[in-house]
Amino acid sequence: MTEAKTITVVQTRSPIGRPADQRQALVGLKLNKIGRKAVLKDTPSVRGMIEKVAHLVRVEA
């Protein structure tokens, strides 16, 4: 069995004052506070959400 690839995402900045779609992208990534980490499957939809809020998060290996 092959293991699914994962991405670790860390929130580095606050969504205060950002558009609603960016706040919703953070919720979709299971992030809501600075410093929170989420380990997510590497899928095109997750990559799209990360791209939308790239200025608010950091991707770790």
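Note that the coordinates shown come from a computational prediction; the quantities given were computed from them, not determined experimentally. (Residues numbered from 1 in each chain as written. Predicted model: local features only at pLDDT ≥ 70, side-chain atom pairs only at ≥ 80, totals over all residues. Heavy atoms only, no water.)

**Regarding the environment of Met49**
Move 1: If you trace the backbone, Met49 turns up in helix 2 (residues 44-52).
Move 2: It is 11 Å that separates the C-alpha atoms of Met49 and Val9, two residues lying 40 residues apart in sequence.
Move 3: Here Met49 is in contact with Ala25, Gly28 and Leu29, once residues within four sequence places are set aside. (Helix = DSSP H or I, 4+ residues; strand = E, 2+ residues; numbered from the N terminus. Contact = heavy atoms within 4.5 Å.)

**What about the sheet that holds strand 2 (residues 37-41)?**
Move 1: If you trace the three strands from one edge of the open sheet to the other, you get 2-1-3, paired in antiparallel fashion. Edge positions in the sheet fall to strand 2 and strand 3 (57-60), since each has one partner strand and no second. Each strand axis lies, on average, 30° off the axis of its neighbour in the sheet, ignoring direction.
Move 2: Sheet topology note: the strand 1 (residues 6-11)/strand 3 ladder contains four bridges and is antiparallel. Bridge assignment links Val10 to a residue of strand 3, and that residue is Arg58.
Move 3: Here helix 2 sits on the sheet in contact with strand 1, strand 2 and strand 3, set at roughly 25° to strand 1. (Pairing = 2+ DSSP bridges. Axes fitted to C-alpha atoms, helices over the stretch in contact; angles between N-to-C directions.)

**Quick word on the pairing of strand 1**
Move 1: Within strand 1, five of the six residues are buried, leaving the element largely enclosed by the surrounding structure.
Move 2: The pairing of strand 1 with strand 2 spans five bridges and is classified as antiparallel. By the bridge assignment, Ile7 is partnered in strand 2 with Leu40. (Buried < 20%, exposed > 50% of the residue type's maximum accessible area, 1.4 Å probe, protein only.)

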